[in-house]
Amino acid sequence: MEQKYILGIETSCDETSVSVVKNGREVLSNIISSQIAIHEKFGGVVPEIASRNHVEAISNVTKKALREANITLADIDAIAVTYGPGLVGALLVGVSYAKALSYASNKPLIATNHIQGHVAANYITHKDLEPPFLCVIISGGHTHLVHIKGYNEFEIIGKTRDDAIGEAFDKVARVIGLGYPGGPKIDKLAKEGQPNITLPKTYFENLDFSFSGIKTAVINLNHKTPDLNKADLAASFQKAVTDVLIDNTLKAAEQLGIKKIALAGGVSANSYIRQRYMELKEKENLEIYYPEISLCTDNAAMIASAGYFNYINDNKTADLELNAVPNLKM
Ligand code: KG4
Ligand code: ZN
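Residues numbered from 1 in each chain as written. Chains lettered and ligands numbered in written order. Predicted model: local features only at pLDDT ≥ 70, side-chain atom pairs only at ≥ 80, totals over all residues. Heavy atoms only, no water.

Brief notes about the sheet that holds strand β3 (residues 26-34)
- Spatially, the 5 strands line up as an open sheet ordered β3-β2-β1-β4-β5, and their pairing is mixed. Because the sheet does not close on itself, it has two edges, and the strands there are β3 and β5 (109-113). The average undirected angle you get between the axes of adjacent strands in this sheet is 20°.
- Pairing geometry for strand β1 (residues 5-10) and strand β2 (residues 15-22), over 6 bridges, is antiparallel. Residue I9 lies in a different strand from β2, and its bridge partner there is V18.
- Each of β1, β2, β3, β4 (78-84) and β5 touches helix α11 (residues 300-314); the most contacted strand, β1, lies at about 130° to it. (Pairing = 2+ DSSP bridges. Helix = DSSP H or I, 4+ residues; strand = E, 2+ residues; numbered from the N terminus. Axes fitted to C-alpha atoms, helices over the stretch in contact; angles between N-to-C directions. Contact = heavy atoms within 4.5 Å.)

Here it is as structure tokens:
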């Protein structure tokens, strides 16, 4: 097989990341410059500040990624960049930088969808994973059940009608006083508690989700009973959202007649969710996959991987007209 080296660039939210990936699955470098410490004091990502920090970081992060991969731009085959979905100003930094690199080095540019990148993180961790499979995409911006029919062929079969699951984690964390980013903090606190508080779970006739009911119930409970044990509340919230996630996943797997299930997105780093899905291996005789923790949250290796599969399968390259698309769909 011919070797292909892809340079991936990701700036859709608050991580500036650049990576070099070989043949879509082998990470040679994956530099992530996180702005968490900067946004923490505001309780969430401030878009203007994110853009400014991407501008400051991108050039050095790129140099570092090339150096660590022990490769020069001349030996890169193509440049993959996230062009959506995400914060428009943040995306534009990556897109403009990638276009400039592509023009200066005369390398093809591959416009890459961030959500597709999250799915591709699984191809890096599991070298023999191939479509078709069912992907449970759970992040700060998305909650999607997707039938991955091929590397570039997807069908969304269920999605949230209101909050994304990560958004619900972050809001609940803020309300119970844990701060930003809330997901990992809820994960940690829940380990000290019991899921002994009943919360409302929402189901629809199709495979859609709704997390605003659970979220609001937690917020109201916390307000009305301030001495409620916060660890129990965190554990109960986590269990309720996971129950719904798993119920819909099982329904989807049955409908599609699929035994392979992969998790993707920042929330798939959650230890309780991972454990509950792992239990399905024996209980339901399913194959369960998830990316290693460092590839669950935003990073450029997953973008380089998704870009690689776009490039080799469709040979679809972008031109210098490429623009950021903040609400890009899968
Ligand atoms: O995929 P991601 O990095 O960015 C988006 O594309 O949205 O996901 C970020 C989300 C945040 O909501 C964050 O709180 C959540 O992933 N997250 C977690 C954990 N680690 C990150 N949620 C629950 N448990 C975790 N361990
Ligand atoms: Zn993401």
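Still more ground to cover, so stick around.
Structural notes on the nonpolar core
- Residues F237, L245 and Y277 are the most contacted members of the largest nonpolar core, which totals 44 residues.
- Taken together, the elements giving at least two residues each to this core come down to β6 (133-138), α5 (165-175), α6 (182-190), α7 (212-224), α8 (230-256), β9 (260-264) and α9 (271-283).
- Take this core: its biggest share by element is 12 residues, from α8.
- Ignoring anything within four residues of it in the chain, the contact list for F237 reads A168, F169, V172, I186, L199, I214 and V218.
- Formed by 29 residues, the second largest nonpolar core is a distinct cluster that contains I115, A120, A304 and A306. (Core = buried A, V, L, I, M, F, W, Y, C linked by side-chain atoms within 4.5 Å. Buried < 20%, exposed > 50% of the residue type's maximum accessible area, 1.4 Å probe, protein only.)

Points about the pairing of β6
- Taken across its 6 residues, β6 has 6 buried, putting it largely inside the fold.
- Residues F133, C135 and I137 of β6 are buried on one face, and the alternating residues L134, V136 and I138, pointing to the opposite face, are buried as well.
- Sheet analysis places β6 next to strand β7 (residues 143-150), joined by 6 bridges and oriented antiparallel. Within the sheet, the bridge partner assigned to I137 lies in β7 and is H144.

Re the coordination of the zinc ion (ligand 2)
- Around the zinc ion (ligand 2), the protein contributes the donor atoms H114 (NE2), H118 (NE2) and D298 (OD), at 2.0 to 2.1 Å from the metal centre.
- Overall, the relative accessible area of 7% leaves H114 in the buried class. (Donors = N, O, S within 2.8 Å, 3.2 Å for Na, K, Ca; no water.)

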